[in-house]
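# Examination of the molecular architecture
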Amino acid sequence: MMSDLKTVKEPLEWKLINLILAGLFSLFAYVQKNDPDPEIWIAIYLIPALLCIVLVVTTNTTSNPIWRMMTLLHIIAIFVFIMYQIKIIMDSSTDERFYEMEEAREIGGLLFAVIWLVLCRNSTMSNYRRTAYIGMVITAVPILLWIGIALSEDYRAGVPEHCKTVMYPPEKSNTEL
């Protein structure tokens, strides 16, 4: 029976969405380079990227106990960071709207990562295709948000300077050229 599982191919959609998400989580890690604490955030996003890559290059990984333990530990770590971010938001006395707060944006990325990892961890050969389609829908959310932010000069004007310089490097003055 176990040898039959190894010969069954996972749907192309499953491999494709995990490849797309590995790229997206890698992009999330990249844009953290200007963050005040980049080491933490780069690791938080690179781990799901690596877990997705493992799903692309291997078969029936979601039943592998090592992969499952790594995923569970990262989900727990993400929940700890979410609680920490919520505490920061609750303790802050700012006039910023929730979605303008850096911590709120960070919670959004953390929730996205945890949702995908939970979906993957609960996937089996019998429901990979369904999970892949759910993944395609939820992947559209951060992509559409980034497009919206890229197009909205008003929104970009309100984000911290370190967030602006990652995707929009400062223009060089004539003296620097």
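Per chain, residues are indexed from 1 in the order of the written sequence. Totals for whole chains, interfaces and linings use every residue, but because this is a predicted model, local features are given only for residues with pLDDT of at least 70 and side-chain atom pairs only at 80 or more, for both listing and counting. Just so you know, side-chain values use all the structure's heavy atoms and leave hydrogens and water out.

## So, unusual backbone geometry
Although it is not a glycine, Asn60 sits at a positive phi angle of roughly 55 degrees. Strands here are runs of E lasting at least two residues and helices are runs of H or I lasting at least four, both read from the DSSP assignment and numbered beginning at the N terminus. Along the chain, the position of Asn60 falls in the loop between helix 3 (38-57) and helix 4 (65-91). When its relative accessible area of 12% is taken as the criterion, Asn60 is described as buried. Classification of residues uses two cut-offs on accessible area relative to the type maximum, computed with a 1.4 Å probe and protein chains only: under 20% is buried, over 50% is exposed, and between them is partly exposed.

## Looking at the packing of helix 5 (residues 102-121) against helix 6 (residues 128-151)
Axis geometry follows a simple rule: fit a line to the C-alpha atoms, using only the stretch in contact for helices, then measure angles between N-to-C directions, giving values from 0 to 180 degrees. Packing of helix 5 against helix 6 leaves a shortest axis separation of 11 Å and a crossing angle of 175 degrees. Between helix 5 and helix 6, the angle is such that the two are roughly antiparallel. Residues Phe112, Ile115, Trp116 and Leu119 of helix 5 pack against Thr131, Ile134, Gly135, Ile138, Thr139 and Pro142 of helix 6. Polar here means any residue other than Ala, Val, Leu, Ile, Met, Phe, Trp, Tyr, Cys and Pro, which are nonpolar, and Asp, Glu, Lys and Arg, which are charged; Gly is therefore polar. Looking at the contact of helix 5 with helix 6, its residues break down into seven nonpolar, three polar and no charged. Angle categories: roughly parallel below 35 degrees, roughly antiparallel above 145, roughly perpendicular from 65 to 115, and oblique for all the rest. Contacts are assigned to residue pairs with any non-hydrogen atoms lying within 4.5 Å of each other.

## A closer look at the confidence of the model for the protein chain
Mean pLDDT for the protein chain: 82, with 79% of residues reaching 70 or above. pLDDT expresses, on a scale from 0 to 100, how confident the predictor is about each individual residue. For the protein chain, helix 1 (residues 2-7) is the element with the lowest average pLDDT, namely 48, and helix 3 is the one with the highest, namely 95. Here residues 1-5 is modelled with pLDDT under 50, and outside its nearest four sequence neighbours on either side it reaches two contacts, counting other chains as well.

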